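Structure at a glance
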Amino acid sequence: MISRLDFMFSVGFEGNSALVDASAKRANGRLAPRELAGKGLFKAAVFGAYYDEDERELEEVLAVYNSKGEVRLNSVDALKRTFGVLESFDDINRVMYV
């Protein structure tokens, strides 16, 4: 299974492999999802909160997104769809860093 940080900073998936942005992971890996959202790193924020199964954190990320974005989203589900959250990351067992 893929680690939380690798999942958060993944830029794409192919089969059971994830492509991870190594420099973004190094620079921002210690930030909480709401802090990532504050920096405009919404994909990493959404993926981090989703990995943790933290609905409260997803709501906070949604609130930050709606306060900064031009298009308002009306639900956490819409936020997850917007950023392409995988329904299951259990079978990701290979990580490639770019």
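Anything mentioned here points back to the structure above.
These notes cover the structure that comes with them. (Residues numbered from 1 in each chain as written. Predicted model: local features only at pLDDT ≥ 70, side-chain atom pairs only at ≥ 80, totals over all residues. Heavy atoms only, no water.)

So, about the pattern of salt bridges. Taken as a whole and judged by the stated rule, the model has 6 salt bridges. Across the salt bridge formed by Asp 52 and Arg 4, the nearest N and O atoms sit 2.9 Å from each other. Of this pair, Asp 52 sits in the loop between helix 4 (42-51) and helix 5 (55-68) while Arg 4 sits in helix 1 (residues 4-8); the two residues are 48 residues apart in sequence, bridging distant segments of the chain. Classification of Asp 52 by relative accessible area gives partly exposed; the value is 39%. Residue classification places Arg 4 among the partly exposed residues on the basis of a relative accessible area of 23%. When salt bridges that share partners are traced, they join Arg 34, Arg 56, Glu 57 and Glu 60 into one network. (Salt bridge = Lys/Arg side-chain N within 4 Å of Asp/Glu carboxyl O. Helix = DSSP H or I, 4+ residues; strand = E, 2+ residues; numbered from the N terminus. Buried < 20%, exposed > 50% of the residue type's maximum accessible area, 1.4 Å probe, protein only.)

This paragraph deals with the sheet that holds strand 1 (residues 10-14). With mixed pairing, 3 strands are arranged side by side in an open sheet as 1-2-3. Each edge of the sheet is formed by a strand with only one pairing partner; in this case those strands are strand 1 and strand 3 (94-97). Along the sheet, successive strands turn relative to each other by an average axial angle of 25°, direction set aside. Alignment of strand 1 against strand 2 (residues 17-20), held across 4 bridges, turns out to be antiparallel. The residue of strand 2 that forms the bridge with Ser 10 is Val 20. (Pairing = 2+ DSSP bridges. Axes fitted to C-alpha atoms, helices over the stretch in contact; angles between N-to-C directions.)

Looking now at the nonpolar core. Counting residues in hydrophobic clusters, the biggest one holds 29 residues, and the most contacted among them are Phe 7, Phe 9, Val 46, Val 61, Leu 79 and Phe 89. Of all the elements in the fold, those that place two or more residues in this core are helix 1, strand 2, helix 3 (33-38), helix 4, helix 5 and helix 6 (76-82). Discounting chain neighbours no more than four positions away, the residues touching Val 61 are Pro 33, Arg 34, Ala 37, Phe 42, Ala 45, Val 46 and Leu 79. (Core = buried A, V, L, I, M, F, W, Y, C linked by side-chain atoms within 4.5 Å. Contact = heavy atoms within 4.5 Å.)

The geometry of an aromatic ring pair is captured by two quantities: the separation of the ring centres and the angle between the planes. Taken as a whole and assessed by the stated rule, the structure comprises 6 aromatic pairs. Aromatic side chains Phe 42 and Tyr 65 sit 5.2 Å apart centroid to centroid with 85° between the ring planes, which places their arrangement in the edge-to-face category. Of this pair, Phe 42 sits in helix 4 while Tyr 65 sits in helix 5, and the two are 23 residues apart along the sequence. Taken together, the aromatic side chains of Phe 7, Phe 13, Phe 47 and Tyr 51 make up a single cluster linked through ring pairs. (Phe/Tyr/Trp six-rings, centres within 6.5 Å; stacked < 30°, edge-to-face > 60°.)

Turning our attention to the pairing of strand 2. Adjacent in sequence and paired antiparallel, strand 1 and strand 2 are bridged by 2 residues, among which Gly 15 carries a positive phi angle near 60°. Relative to strand 3, strand 2 runs parallel, the two being bridged by 4 bridges. From the neighbouring strand, Leu 19 faces strand 3, where its bridge partner is Met 96.

Below, the discussion takes up the side chain of Ser 10. Mapped onto the fold, Ser 10 is located in strand 1. A distance of 2.8 Å separates a polar atom in the side chain of Ser 10 from the backbone oxygen of Phe 7. Ignoring any residue separated from it by four or fewer positions in sequence, one finds Ser 10 in contact with Leu 19, Val 20, Lys 43 and Phe 47. (Polar contact = N/O pair within 3.5 Å; in protein donor to acceptor, adjacent residues only side chain to side chain.)

In short, geometric facts, not functional conclusions.
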